[in-house]
Amino acid sequence: MGNLLLCGVLFLMMIGGVLNFEAATREQETAAQTLAGQIFGCWLAGGVMLFSMLGMTRALFSHLATMLCMPAALILILTLLW
């Protein structure tokens, strides 16, 4: 559940849809996109490392599935609605 919420918030952050991350300039927009990418990468890598070290195979695969499929689904929805 946490992965889904995080991916949704990061996606809104990257497209400038969250009120706290609404960019006024191009530099702020680039900084918000960079920060969202770093948070996503750290969450993905941290989850993979944690679940693999603890031997939680099912949790590892579900983490990978939600973290990789959720952004693809959100991008697909965005392009279909555009």
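Residues numbered from 1 in each chain as written. Predicted model: local features only at pLDDT ≥ 70, side-chain atom pairs only at ≥ 80, totals over all residues. Heavy atoms only, no water.

## Considering the side chain of Asn-3
Step number 1: Within the secondary structure layout, Asn-3 lies in helix 1 (residues 2-15).
Step number 2: Look at Asn-3 and you get buried, because its relative accessible area is 14%.
Step number 3: Within the structure, Asn-3 has its side chain in polar contact with the side chain of His-63 (distance 3.0 Å).
Step number 4: Once you skip the residues sitting within four places of it in the chain, Asn-3 turns out to touch Trp-43, His-63, Thr-66 and Met-67. (Helix = DSSP H or I, 4+ residues; strand = E, 2+ residues; numbered from the N terminus. Buried < 20%, exposed > 50% of the residue type's maximum accessible area, 1.4 Å probe, protein only. Polar contact = N/O pair within 3.5 Å; in protein donor to acceptor, adjacent residues only side chain to side chain. Contact = heavy atoms within 4.5 Å.)

## So, the pattern of salt bridges
Step number 1: Scanning the model with the defined rule gives one salt bridge in all.
Step number 2: Across the pair Glu-29 and Arg-26 runs a salt bridge, and its minimum N-O distance is 3.1 Å. Taken together, the positions of Glu-29 and Arg-26, both in helix 2 (residues 26-53) and three residues apart, correspond to about one turn of that helix.
Step number 3: Classification of Glu-29 by relative accessible area gives partly exposed; the value is 31%.
Step number 4: Residue Arg-26 is classed as exposed on the basis of its relative accessible area, which comes to 52%. (Salt bridge = Lys/Arg side-chain N within 4 Å of Asp/Glu carboxyl O.)

## So, helix 2
Step number 1: Taking 1.5 Å per residue as the helical rise, helix 2 with its 28 residues ought to reach 40 Å, and the 40 Å between its terminal C-alpha atoms agrees with that figure.
Step number 2: Restricting attention to buried positions, one finds in helix 2 the residues Ala-32, Ala-36, Leu-44, Gly-47 and Phe-51.
Step number 3: In this fold, the buried residues of helix 2 make contact with helix 1 and helix 3 (57-81).
Step number 4: Positive backbone phi, approximately 75 degrees, marks Gly-55, located one or two places after helix 2. (Expected span 1.5 Å × (residues − 1).)

## Some points on the side chain of His-63
Step number 1: Relative to the assigned elements, His-63 resides in helix 3.
Step number 2: Within polar-contact distance, the side chain of His-63 engages the backbone oxygen of Leu-44 at 3.3 Å.

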